[in-house]
Amino acid sequence: WLARLAKRGDQFDIVILDPPSTSVGGKKKKRWSVKNDMAELVSLATPLVKSGGLLFTTTNSASLPAEKFAKMCKKGLADAGVEDARLERVSPMPSDFASVGMQPVKNLVWRVP
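S.K.: I'd like to hear about the overall build of the chain, residue by residue, with values.
M.R.: The helix and strand inventory of the chain stands at three helices and six strands. Each helix and strand of the chain, ordered N terminal to C terminal, gives the series α-β-β-β-α-β-α-β-β. A globule of 113 residues ought to have a C-alpha radius of gyration of about 13 Å, and the chain, at 14 Å, matches this closely. Dimensions of the chain along its principal axes, counting C-alpha atoms only, are 45 × 35 × 20 Å. Across the 113 residues in the chain, those meeting the buried criterion constitute 38%. At a minimum sequence separation of 6, the contacts of the chain that also span at least 24 residues come to 69%. Summed over its atoms, the accessible surface of the chain is roughly 7100 Å², and 55% of this surface lies on carbon and sulfur atoms.

If you want it as structure tokens, here you go:
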């Protein structure tokens, strides 16, 4: 549906991507994984963000390091032709959601020029 919205020319001030860590769906029952497919999702969603708008990307995949998640998002932006998106905000987990070790939730907010 992201491609259909982009084809219609729909754009929004903010687009929020909060996919499941893994999923099976579609006509071919393809397995989707945030670890393998986030860049493609970001690439599909980026054209929906108005110039100057925000792309909010998040995952709760405990096995995905924040640096790798950020690189995947940046690749998706570049694949969509947006090389100069700026990581505007890294939102930490709330203090009432304590965790030991690597934080499972990663929230990255990108400004799309």
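S.K.: Can you explain the pairing of strand β3 (residues 30–33)? Please cite residues and give values.
M.R.: Summarising the sheet, strand β2 (residues 22–25) and β3 pair through four bridges and their orientation is antiparallel. The partner of Val24 across the bridge, within β3, is Arg31. Counting the residues in the hairpin turn of β2 and β3 gives four residues, including Gly26, whose phi is positive at 85 degrees.

S.K.: Could you give an account of the layout of surface pockets, with specific residues and numbers?
M.R.: There is about 470 Å³ of room inside the largest pocket. Lining the largest pocket are 18 residues; nearest its centre among them are Trp1, Leu2, Trp32, Leu41 and Leu44. Those elements that provide at least two residues to the lining of the largest pocket are α1 (2–8), β1 (12–17), β2, β3 and α2 (34–45). With four residues, the top contributor of residues to the lining of the largest pocket is α2. The class makeup of the residues in the lining of the largest pocket is 11 nonpolar, three polar and four charged.

S.K.: So what about helix α3 (residues 66–79)? Which residues, and what values?
M.R.: Over its 14 residues, α3 runs 20 Å from end to end, which matches the ideal 20 Å to within 8%, given 1.5 Å per residue. Among all positions in α3, only Phe69, Ala70, Met72, Cys73, Gly76 and Leu77 are buried. Down the axis, α3 shows its buried residues gathered within 160 degrees of arc, on one side only. The exposed set on the far side of α3, more than 90 degrees from its buried face, consists of Glu67 and Lys71.

S.K.: Which residues make up the sheet that holds strand β6 (residues 106–111), and what values do they have?
M.R.: Strand-to-strand pairing in sheets goes through backbone hydrogen bonds, with the strands running parallel or antiparallel. Here four strands make up an open sheet; going across it, the order is β1-β4-β6-β5 and the pairing mixed. Looking at strand neighbours, the two that pair on one side only are β1 and β5 (86–91), the edges of this open sheet. Taking the axes of each pair of neighbouring strands and ignoring which way they run, one obtains an average angle of 20 degrees across the sheet. Across the face of the sheet, α2 comes into contact with β1 and β4 (49–59) while running at roughly 165 degrees to β4. Against the sheet, α3 makes contact with β4 and β6, and its axis sits at roughly 30 degrees relative to β6, the strand it touches most.

Each value, and the rule that gives it
- Residues numbered from 1 in each chain as written.
- Predicted model: local features only at pLDDT ≥ 70, side-chain atom pairs only at ≥ 80, totals over all residues.
- Heavy atoms only, no water.
- Helix = DSSP H or I, 4+ residues; strand = E, 2+ residues; numbered from the N terminus.
- Rg over C-alpha atoms; globule rule 2.2 N^0.38 Å.
- Buried < 20%, exposed > 50% of the residue type's maximum accessible area, 1.4 Å probe, protein only.
- Contact = heavy atoms within 4.5 Å.
- Areas by Shrake-Rupley, 256 points an atom, 1.4 Å probe, with all protein chains shown as cover.
- Pairing = 2+ DSSP bridges.
- 1 Å grid on protein atoms, 1.4 Å probe; cavity = no way out; pocket = protein on both sides within 12 Å on 5 of 7 lines; lining within 4 Å.
- Points joined across faces, edges and corners; volume = space filled by probe spheres on them.
- Nonpolar A, V, L, I, M, F, W, Y, C, P; charged D, E, K, R; others polar.
- Expected span 1.5 Å × (residues − 1).
- Arc of directions from axis to C-beta.
- Axes fitted to C-alpha atoms, helices over the stretch in contact; angles between N-to-C directions.

That's the geometry; what it means functionally is another story.
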